[in-house]
Structure formats: C-alpha cells, structure tokens
Amino acid sequence: MASQTQGIQQLLAAEKKAAEKVAEARKRKARRLKQAKDEATEEIEKFRQERERAFKEFEAKHMGSREGVAAKIDADTRVKLSDMEGAIRTRKEPVIQEILQFVYNISPEVHKNYNKKV
C-alpha cells in the first residue's frame, strides 16, 4: 500500500511539474508575442517616418513650399481682379448707355394675339 501512495505522490508531483512547465511555456510565448508586436510597431513607425520624409522631399521638389504656393495664388488673384476692374472701367459707360436706350425707347404696340371686341 505504501508503494501505491508513493506512486500517487509521484504522479501528482509529475503532474504539478508538467503544469509548471506548461505555465512557463505560456509565459514565454506571451513574452515572445509581445516582443514581436513591439518590434513590428517600431518597424512600422520607422517605415512611416521614412515615407513621410520622402513625401516631403517630393512635395518640396515638385510643388515648392506651401508659402510659395499661397503667395503665387494670391498674386494670380490680384492680377485677375485688376484685369476685371479694368474691364469694368472700360465697358461700364457703354453698357449703362445701352441699357438706358432700351428703357427710353419704348414703342407701345398691341400684341398680335390681342382680339378687338367691338
């Protein structure tokens, strides 16, 4: 009977040792997963920064700076506004005169669909 209890004790000890090994393996796996996730995040961040830097270089090379673009747009707008103001100054008086002629030269006529009822 003593050997039976000793066998049970050995089985319990082996089971406990196996459970500890499984728990340790799970902890190692969790650490490896966390480490892999951290490394992947770091690699993604480096890649993002590199692409951002390359984009800014491309943008600066092909479009110039944003201030330069804004200044060019402002200058173009001023030129177009001055052209429009010049066109208004040169055409304003003739257009007003033409409109006044239409207002002053009214010739009253009876509409062709009007029926005289006598």
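An unreviewed UniProt entry annotates the chain as V-type proton ATPase subunit G of Drosophila grimshawi. According to the UniProt record, the Subunit (unreviewed entry) comment for the chain is "V-ATPase is a heteromultimeric enzyme made up of two complexes: the ATP-hydrolytic V1 complex and the proton translocation V0 complex." The Sequence similarities (unreviewed entry) field of the UniProt record for the chain holds the comment "Belongs to the V-ATPase G subunit family."

**Observations concerning the overall build of the chain**
Helices and strands together make up the secondary structure of the chain, namely two helices and zero strands. Against the globule reference of 13 Å for 118 residues, the chain gives a C-alpha radius of gyration of 45 Å, more extended than a compact globule. C-alpha extents for the chain along the principal axes are approximately 140 × 60 × 15 Å. The buried share of the chain, reckoned over its 118 residues, is 2%. Accessible surface for the chain amounts to roughly 11,900 Å². Of this, 59% is attributable to carbon and sulfur atoms. The average position of the 27 basic charges and that of the 20 acidic charges among the side chains of the chain differ by 7 Å.

**Things to note about the pattern of salt bridges**
Under the definition given, this model contains six salt bridges. One salt bridge in this structure joins Glu50 and Arg53, with 2.4 Å as the shortest N-O distance. Here Glu50 and its partner Arg53 are both found in helix H1 (residues 2–63), three residues apart, which amounts to about one turn of the helix. A cluster of three or more residues bridged by salt bridges with shared partners is formed by Glu50, Arg53 and Glu57.

**Quick look at a positive patch on the surface**
A cluster of like positive charges, contributed by Arg26, Arg28, Lys29 and Arg32, occupies part of the molecular surface. Turning to its location among the elements, Arg26 is positioned in helix H1. Accessibility expressed as a relative area gives 63% for Arg26, which makes it exposed.

**Quick word on the UniProt feature "coiled-coil region" (unreviewed entry) in the chain**
The UniProt entry lists residues 8–57 under the feature "coiled-coil region" (unreviewed entry), expressed in the numbering used here. Annotation note: span residues 8–57, helix share 100%, strand share 0%, distance between end C-alpha atoms 73 Å.

**Remarks on a nonpolar patch on the surface**
Together, Val95, Ile99, Val103 and Tyr104 make up a nonpolar patch on the protein surface, roughly 410 Å² of accessible area in all. Residue position: Tyr104 is located in helix H2 (residues 66–104). Take Tyr104: its relative accessible area is 58%, and that puts it in the exposed class.

Basis of the calculations
- Counting restarts for each chain, with residues numbered from 1 along the sequence as it is written.
- For a predicted model such as this one, the threshold for reporting local features is a pLDDT of at least 70, and the threshold for listing and counting side-chain atom pairs is 80 or more; totals across whole chains, interfaces and linings nevertheless cover every residue.
- The side-chain quantities take in all heavy atoms of the structure and omit both hydrogens and water.
- UniProt positions are given in the numbering used here, feature names are shortened, and annotations may be inferred rather than shown by experiment.
- To qualify as a helix, a DSSP run of H or I must reach at least 4 residues; to qualify as a strand, a run of E must reach at least 2; elements of each kind are numbered from the N terminus.
- Every radius of gyration here is taken over C-alpha atoms, with the globule rule written as 2.2 Å times N^0.38, N being the number of residues.
- Classification of residues uses two cut-offs on accessible area relative to the type maximum, computed with a 1.4 Å probe and protein chains only: under 20% is buried, over 50% is exposed, and between them is partly exposed.
- Note that accessible areas follow from Shrake-Rupley with a 1.4 Å probe, and for residues the cover is restricted to the protein chains shown.
- Charge counting treats Lys and Arg as positive and Asp and Glu as negative, with His and both chain ends excluded.
- Charged groups are reduced to one reference atom each: NZ for lysine, CZ for arginine, CG for aspartic acid, CD for glutamic acid.
- By definition here, a salt bridge exists when the distance from a side-chain nitrogen of Lys or Arg to a carboxyl oxygen of Asp or Glu is within 4 Å.
- Surface patches are drawn from residues lacking salt bridges whose relative accessible area is over 30%; two like charges belong together within 9 Å, two nonpolar side chains (Val, Leu, Ile, Met, Phe, Trp, Tyr) within 5 Å.

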